[in-house]
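Each chain, written out:
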Amino acid sequence: MLDPIGALTEAFTSFLFGKVETTRLPVRTSTGQAQAVYLPTAAPGLGDSGVIIGREVYSGKGYIYDPFQLYGQQLPAPHWLVLGESGNGKSALEKTYVLRQLRFRDRQVVVLDAQGEDGVGEWNLIAQELGITPIRLDPTAALNGGIRLNPLDPSITATGQLALLRTIIEVAMGHGLDERSGFALKVAHAYVTGTITHRQPVLTDIVEQLRHPEAESAEAMNVDIDDVRAWGLDVALVLDRLVDGDLRGMFDGPTTAGIDLDAPLIVFDLSHIDRNSIAMPILMAIVGVWLEHTWIRPDRKKRIFLVEEAWHIINSPFVAQLFQRLLKFGRRLGLSFVAVVHHLSDVVDGAAAREAAAILKMASTRTIYAQKADEARATGRVLGLPRWAVEIIPTLTPGIAVWDVNGNVQVVKHLITEAERPLVFTDRAMTEASAMSEASAMPTDEARAVQAAADAEAEARAEAMAMERQWRDESSETVA
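Residues numbered from 1 in each chain as written. Predicted model: local features only at pLDDT ≥ 70, side-chain atom pairs only at ≥ 80, totals over all residues. Heavy atoms only, no water.

Remarks on the side chain of D66
Within the secondary structure, D66 sits in the loop between β2 (62-65) and α3 (67-70). What makes D66 buried here is its relative accessible area of 1%. Among the polar contacts listed, one links the side chain of D66 to the side chain of Q101, at a separation of 3.2 Å. A polar contact of 3.0 Å, which involves the side chain of D66, links it to the side chain of R107. Excluding residues within four positions of it along the chain, D66 makes contact with S49, G50, V51, Q101, F104 and R107. (Helix = DSSP H or I, 4+ residues; strand = E, 2+ residues; numbered from the N terminus. Buried < 20%, exposed > 50% of the residue type's maximum accessible area, 1.4 Å probe, protein only. Polar contact = N/O pair within 3.5 Å; in protein donor to acceptor, adjacent residues only side chain to side chain. Contact = heavy atoms within 4.5 Å.)

Considering the pairing of strand β8 (residues 265-269)
On a regular strand, each side chain points to the face opposite its neighbour's, so the side chains alternate between the two faces of the sheet. Counting buried positions over the 5 residues of β8 gives 5, a clear majority of the element. Taking every second residue as pointing to the same face, both faces of β8 are buried, with L265, V267 and D269 on one and I266 and F268 on the other. Strand direction decides the pairing type here: strand β4 (residues 107-113) and β8, joined by 5 bridges, are parallel. Paired with V109 across the strands is L265, a residue of β8. Across 2 bridges, the pairing between strand β7 (residues 135-136) and β8 is parallel. By the bridge assignment for β8, I135 is matched with F268. (Pairing = 2+ DSSP bridges.)

A short note on the packing of aromatic side chains
For any two aromatic rings, the description comes down to two numbers: the centre-to-centre distance and the angle of the planes. Evaluation of the coordinates by the stated rule reveals 12 aromatic pairs. Each ring, one from F323 and one from F337, has its centre 5.9 Å from the other, and the planes form 50°; the classification is tilted. Of this pair, F323 sits in helix α15 (residues 317-331) while F337 is found in strand β10 (residues 335-341), placing the two residues 14 residues apart along the sequence. In this structure F337 comes out as buried when scored by relative accessible area, which is 3%. Chaining the aromatic ring pairs together yields one cluster made of Y63, Y65, W80, Y97 and W403. One residue, R107, lies across the ring of F104, its end atom 4.7 Å from the ring centre. (Phe/Tyr/Trp six-rings, centres within 6.5 Å; stacked < 30°, edge-to-face > 60°. Lys NZ or Arg CZ within 6 Å of the ring centre and 35° of its normal.)

The structure is reproduced here in structure tokens:
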């Protein structure tokens, strides 16, 4: 209660200026109307042209991404890096992205499928759905009429062949070729490609020439023939592995006829190769260079080159150098390179740190799924992510990822349609084996009854969820 002087002062003030304080009556409103008072804010999208990925988490807007539509305006390069631990949705994202891209007539995709399931690559289901036979590179099958890719295929330029041979040898040896070994390889390659014209030269020809170099090659450099033979001995031993060793059959003959490079989807199934052996980076180098010279053409098609287990590329200095050239060259001809890696630390701290940094710099789009906190911090430092994005990466649930498209950072939930789900689901061995065996053992009528019951249960669940949403909407219209 005011004292007499305070009451007199308030009365005098009210007489001169009117009532100072007012009492506002409560306002009845709904959440739909109240949102106009406090407008939500969200980062701008990437436009409405391209492939639907899903929904931006904070705004609920649809998230659309297409490197070919964004290139030159919002993207300096069309290449894409996908990161995250297993089981968080990387594989599902890649597969739905490819399926949706193939809806455009001017799209073509090559996949290097290094993951295996049920004795085949994990892209086998999608290939079957599209009526495509994967190109399965298998050392065992190669001896019995399997697929072969020839590093000396005439469709590859002489410079490309020599660069590929050097890469194969350097990957296998673990270090670069010295000048003398490089000279022995160069003269052997020049002699083979210059004298064998009635058929495709093959690796056996190179090995034979390294073991028995021509005298003219030595005389041209004013060195002894025995020196040239000694310089090429280690090179011959490495290449011999592709001819008579554990990788024989895949690369020591003419390229298999009938490989359809005009198909909308080309899948190289590498699932029969040990992912931890030296064979995998050698395979990726050969396939990458072979595709560079046979697949990428100036025909206005937009091409996507997706590589599973891409650390085999980024972690090898010699293979990474080849792919750097491919990325630079392909950008002018409409190529988007998609690299899928589990941990960025696998490559940035490895032997190819400089090459890895160059490839990562070319990737203007980065998608990061859930990682442990320390890995997320390391990823954030390397990729320059904002602090808020780094902090939420460890909390992301499967199917949700941080997308960084040339600095436009958003959190996106990937959406999968019912038609896509059976094609992109890759945990069948863990989750469906028992159910499938039980269903296959049932009589046909019983199996139909079980399926009908499952459908009815799903329908009832959907109806219950719809009723719950309606109840929440009605209850939200309360007195504010």
